[in-house]
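# Topology and contacts: notes
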Amino acid sequence: MTRLTFPRLLIAGLVAPLALGLAACGSSDETAEGAPPKSEPIAAIPAPQGTSWTEVAAVTPEGGYREGKPDAPIKLVEYASHTCPHCSDFAAESAEGLEKMVASGVVSYELRNQIHDPLDLTIALLARCNGPEAFHPLTRQAWSSLQEIYGTAQSNAQAMQSAMQAQDDSRFQRMAEAAGLIDFFAARGISREKAQQCLANTQEAREIVERSNTQSDELAVTGTPTFFINGKRIEGTTWEILEPALQQAGAR
């Protein structure tokens, strides 16, 4: 049994006050740069009868989770952390507008992980547990409950520290228990038994971390959220900045 290591993870900040979680998150006072060339509005592309593009989801070759029309003309990619408060804020601010754009068939939305700490990785494993269709809804619900999750983890600081020091496959299981994540995801359709199986998958955990490190280096992603529209980086972290960039690309 090999030990899973966590290169570049902010382990020390895991049970520190929530404010420390902002260290690897983007600043909300950035200005919009790198917007795509202005395009005429793109007409909506109907989904197959009886379905919605928001229900179409898949794992991409890059290890991200995409929702929307696979070959949508506008492809939005976000690098995000499950424990990043700015990512949580963006998810709340963009929910209605981004859902409409995805439902139109004009925009696809892919979420890729930049892992910041072991709790982040634990949530990533659980968010994947029910397949691609459940990933985005579970991720959004975890972000909306981020304060609660942090509070539970901090109230069980000793158990969290003990879990991080574990040398076997129980590490993420114990961390999830201490942070209240087993019960949180059980209330959202993932049984305790299934959650334990997903959390014991250290190969999956290792691959998530390796992709996070490799892609962050290749694309110079230094914090979250970081956005790309059709491969072009957008310098900004808020929906206020991203929405007009998507509209300039042709989304409405």
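I will try to describe carefully the structure that is included in this document. (Residues numbered from 1 in each chain as written. Predicted model: local features only at pLDDT ≥ 70, side-chain atom pairs only at ≥ 80, totals over all residues. Heavy atoms only, no water.)

## Some words on the pairing of strand β4 (residues 107–113)
Put simply, the rule is: Throughout, exposure labels follow a simple rule: accessible area from a 1.4 Å probe, protein chains only, divided by the maximum for the residue type, with under 20% read as buried, over 50% as exposed, and the rest as partly exposed. Working definition: helices are DSSP H or I runs of at least four residues, strands are E runs of at least two. Numbering for both runs from the N terminus. Think of it this way: DSSP has to see at least two bridges between two strands before they count as a pair. With the strands pointing away from the viewer, any crossover whose connection runs clockwise from the first strand over the helix to the second is right-handed.
With seven of seven residues buried, β4 is to be regarded as a mostly interior element. Here β4 shows two buried faces, one formed by Val 107, Tyr 109, Leu 111 and Asn 113 and the other by Ser 108, Glu 110 and Arg 112. By the bridge criterion, three bridges tie strand β2 (residues 65–67) to β4 in an arrangement that is antiparallel. Residue pairing in the sheet places Tyr 65 in a bridge with Leu 111 of β4. Here seven bridges tie strand β3 (residues 74–80) to β4, and the two strands are oriented parallel to one another. Paired with Tyr 79 across the two strands is Arg 112, which belongs to β4. Once you follow β3 into helix α1 (residues 85–103) and on to β4, the crossover reads as right-handed.

## Quick look at the state of the cysteines
What we call a disulfide is simply a covalent bond connecting the sulfur atoms of a pair of cysteines. Note the threshold: The rule for a disulfide is simple: a pair of cysteine sulfur atoms within 2.5 Å.
If you walk through the whole model with that rule in mind, you get one disulfide. The cysteine Cys 87 is free of any disulfide, with Cys 84 supplying the nearest cysteine sulfur at 3.3 Å.

## Some points on the environment of Asn 113
Stated formally: Here, residues are in contact when the closest pair of their heavy atoms is within 4.5 Å. Throughout this description, a polar contact denotes any pair of N or O atoms lying within 3.5 Å of each other; where both atoms belong to protein, one of them has to be capable of donating a hydrogen while the other can accept it, and for residues adjacent in sequence the pair is counted only when both atoms sit in side chains.
Topologically, Asn 113 is positioned in strand β4. For Asn 113 and Ser 81, which are 32 residues apart along the polypeptide, the C-alpha to C-alpha distance reads 5.9 Å. When residues no more than four places from it in sequence are discounted, the contact partners of Asn 113 are Tyr 79, Ala 80, His 82, Ala 124, Arg 128, Ile 208 and Ser 212. Among the polar contacts made by the side chain of Asn 113, one reaches the side chain of His 82 at a distance of 3.2 Å. Within the structure, Asn 113 has its side chain in polar contact with the side chain of Arg 128 (distance 2.8 Å).

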